[in-house]
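Structural characterization, general
Below, each chain spelled out in residue letters.
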Amino acid sequence: MKILVLNCGSSSVKFQFIETDLERIDRNQDRLLARGQIERIGTHEAVVSCQADARTVRDVGVDILDHHAAIAKVLSLLQHVGALADPKQIEAVGHRVVHGGVFHNSQRITPEVLRKIEDASELAPLHNPHNLNGYHICTQLFPDRPQVAVFDTAFHQSMPTRAFLYALPYEYFRRHRIRRYGFHGTSHRYVAFRFRQLSGRSKEDTNLITCHLGNGCSLTAIQFGRSVDTSMGFTPLEGLVMGTRAGDVDPSILLHLMAKQEMSSHEVATLLNRHSGLYGISGESNDMRELLESSHQGHERARIAIDVFCYRLRKYIGAYTAVLGHVHALIFTGGIGENAPHVRELACQNLGEMGYELDLQKNNRAVGVEAEISAPASRAQIYVIPTNEELLIARDTYRTIEGLENP
Ligand code: ADP
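Residues numbered from 1 in each chain as written. Predicted model: local features only at pLDDT ≥ 70, side-chain atom pairs only at ≥ 80, totals over all residues. Heavy atoms only, no water.

Points about the overall build of the chain
Where we set the bar: In this text, helices come from DSSP runs of H or I with a minimum length of four residues, and strands from runs of E with a minimum of two, each type numbered from the N-terminal end. Atoms counted for the radius of gyration: C-alpha only. Globule rule: 2.2 Å times the number of residues to the power 0.38. Relative accessible area decides the class of each residue, using a 1.4 Å probe on protein chains only: under 20% of the type maximum gives buried, over 50% gives exposed, and in between gives partly exposed.
When its secondary structure is counted, the chain shows 16 helices and 14 strands. Here the C-alpha atoms of the chain give a radius of gyration of 21 Å, agreeing with the 22 Å that 2.2 N^0.38 yields for 407 residues. In terms of overall dimensions, the chain has a C-alpha envelope of 55 × 55 × 50 Å along the principal axes. Relative to its 407 residues, the chain shows a buried fraction of 51%.

This is the structure we're talking about:
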């Protein structure tokens, strides 16, 4: 089945065109026919790019005034690079949707499913409306094609009450839906599946800790294929230190700042989401690659930022080891997890007794590739597995339409 995967943001559309079916999934041989993105939508200065096997297109200063024009452009780009002869060849569309509320699985979008996604939109007002806009435009462009929503939150709906409930008065959960939801589910699920494929282990006998370390960062404890805890919460702000987000802080800090510095809730939100994390501590960059370089050159605050980042990560690995009891593998993914051996080394420091021991040479060699990086004596295996959220969206779209279970 040939599937168009769309990730529609406020001013961008990322896309992949993927051919997949059951046999290809089993062999990990899905075909990426083309990929690309359109940025700065809503301006006369949009940047469009698309790559296929044979051809690459990149244009700057393009007139793309709304998302409808952007998705129409996606179709013409796919034709231009030779991935598509006719839009009729698109058999289904898979959409990344950030918040799925109470959905446990990917869903074919029907009027009822749409209502429930809209209902969850107040929990992700910056993302869901744009994701759904992509659906509405595709409904006009391909009225007879099935469309599937794949949610960042769905994988974590299996968390038990003790993991998702905040210790606030219970009615805040019941009436206002204040609970931990978790995000990055598509990435955690993809690397867990890929680990089982690589190691030949089954879901039923595998406990994993997956670390997605990109601009946003989160960690998940996976027991027998189900997420039982994850570090992001009601929003993606909780948990690990991230590029510009603080992760865990004492909530009283916010009250203190609002009272003493007269900061508004908007200013506090900006502080926590955009001015904190690696960027806030280093005062220099949110980009781990730049900070590693800068720390290497003796910049002290870059070193401290990396240290705080890795220390928090190590504490969470310890906590999730306690959650799971026995861990078969620790998996690193995301731009940092896949490419920064130094971060993995600091995160695993002193964890030998707990069962995690890196092979430093293998760790240093593993940059951007699938690799096992644990020492032979390590109780748990340690892996680097590059994530592929778009591929999982395509696979879920296929399986949902065919009525197959999403593993
Ligand atoms: P997003 O969450 O936006 O998808 P990515 O998964 O691409 O982000 O991760 C971005 C992060 O990965 C940045 O902090 C970037 O510096 C880091 N990164 C990418 N390549 C490297 C590298 N070779 N070494 C260290 N960090 C890297």
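Once you've had a look at it, read on.
Remarks on the sheet that holds strand β13 (residues 371-372)
As a reminder of what qualifies: Two strands qualify as a pair provided DSSP detects at least 2 bridges between them.
With mixed pairing, the six strands of this open sheet are ordered in space as β11-β10-β9-β12-β14-β13. The open sheet terminates on both sides in strands that have one partner only, identified here as β11 (226-230) and β13. Where β13 meets strand β14 (residues 381-384), two bridges bridge the pair, whose relative direction is antiparallel. Across the sheet, E372 pairs through a bridge with Y383, a residue of β14.

What to know about the site of the ligand
To keep things clear, this is the line we draw: For each residue, the test is whether any non-hydrogen atom lies within 4 Å of the molecule or strand; if one does, the residue is near. Pairing of N or O atoms within 3.5 Å defines a polar contact, subject to two protein rules: one partner must be a possible hydrogen donor and the other a possible acceptor, and residues neighboring in sequence count only if both atoms are side-chain atoms. Working definition of accessibility: Shrake-Rupley area with a 1.4 Å probe, residue cover restricted to the visible protein chains. For this classification, Asp, Glu, Lys and Arg are treated as charged, while Ala, Val, Leu, Ile, Met, Phe, Trp, Tyr, Cys and Pro are nonpolar and the rest, including Gly, are polar.
Close to the ligand lie 13 residues; N215, D287, M288, R289 and G335 are nearest. Between the ligand and the protein, one listed contact pairs an oxygen atom with a backbone N or O atom of N215 at 2.9 Å. One nitrogen or oxygen atom from the main chain of G335 is found 2.9 Å from an oxygen atom belonging to the ligand. Computed on the free molecule, the ligand has an accessible area of 580 Å², of which 68% lies beneath the protein chains in the complex. For the shell around the ligand, the secondary structure elements donating two or more residues are α11 (288-296) and α13 (334-339). In terms of residue count, α13 provides more of the shell around the ligand than any other element does, four residues in total. Split by residue class, the shell around the ligand holds four nonpolar, seven polar and two charged.

As for the pattern of salt bridges
What counts here: Every case where a carboxyl oxygen of Asp or Glu lies within 4 Å of a side-chain nitrogen of Lys or Arg is listed as a salt bridge.
Applying the stated criterion across every chain yields a total of 16 salt bridges. The structure contains a network of salt bridges with shared partners spanning D119, E122 and R177.

Topic: the pairing of strand β10 (residues 217-223)
Burial within β10 is extensive, with six of its seven residues counted as buried. Of the pairings in the sheet, the one linking strand β9 (residues 207-213) to β10 comprises seven bridges and is antiparallel in character. If you follow I209 over to β10, its bridge partner there is A221. As consecutive antiparallel partners, β9 and β10 are separated by three residues. The pairing of β10 with β11 spans four bridges and is classified as antiparallel. Each residue of the ladder has a partner; that of A221, found in β11, is D229.

Let's talk about the side chain of R189
This is how it is decided: Throughout, a contact is declared for two residues whenever any of their heavy atoms are within 4.5 Å.
With respect to the helices and strands, R189 occurs in helix α7 (residues 185-199). Ignoring any residue separated from it by four or fewer positions in sequence, one finds R189 in contact with S106, F155, L392, D396, N406 and P407.

Details of the nonpolar core
Applied cut-off: For the purposes of this section, nonpolar cores are sets of buried Ala, Val, Leu, Ile, Met, Phe, Trp, Tyr and Cys residues that join through side-chain atoms within 4.5 Å.
Judged by nonpolar contacts, the single largest core of 47 residues is most densely connected at I209, L213, F309, L313, L330, F332 and Y356. Only β9, β10, α11, α12 (300-324), β12 (329-333), α14 (341-348) and β14 provide two or more residues apiece to this core. With 10 residues, the single largest contributor to this core is α12. Discounting chain neighbours no more than four positions away, the residues touching F309 are L213, C217, V241, L278, M288, I336 and V343. Judged by nonpolar contacts, the second largest core, of 31 residues, contains L6, C8, A46 and V62.

What to know about the environment of A394
If you trace the backbone, A394 turns up in helix α16 (residues 389-402). Taking C-alpha positions, A394 is 8.0 Å from E19, a pair spaced 375 residues apart along the chain. Dropping the residues within four chain positions of it, A394 is found in contact with I3, V5, I18 and T20.

Topic: the packing of helix α2 (residues 67-80) against helix α4 (residues 128-141)
Heads up, the rule is: Between N-to-C directions, angles span 0 to 180 degrees; the directions come from axes that are lines fitted to C-alpha atoms, helices contributing only their stretch in contact. Any angle from 65 to 115 degrees is called roughly perpendicular, while one under 35 is roughly parallel, one over 145 is roughly antiparallel, and all others are oblique. By the definition used in this description, the sense in which the near helix is turned from the far one sets the handedness, with an anticlockwise turn below a right angle giving left-handed and a clockwise turn giving right-handed.
For the pair α2 and α4, interaxial distance at closest approach is 10 Å and the crossing angle is 60°. In terms of axis orientation, α2 runs oblique to α4. The handedness of the crossing between α2 and α4 is right-handed. Each of H67, H68, I71 and L75 in α2 lies in contact with α4, whose residues at this interface are N133, G134, I137, C138, Q140 and L141. Of the residues in the contact of α2 with α4, the class split is five nonpolar, five polar and no charged.

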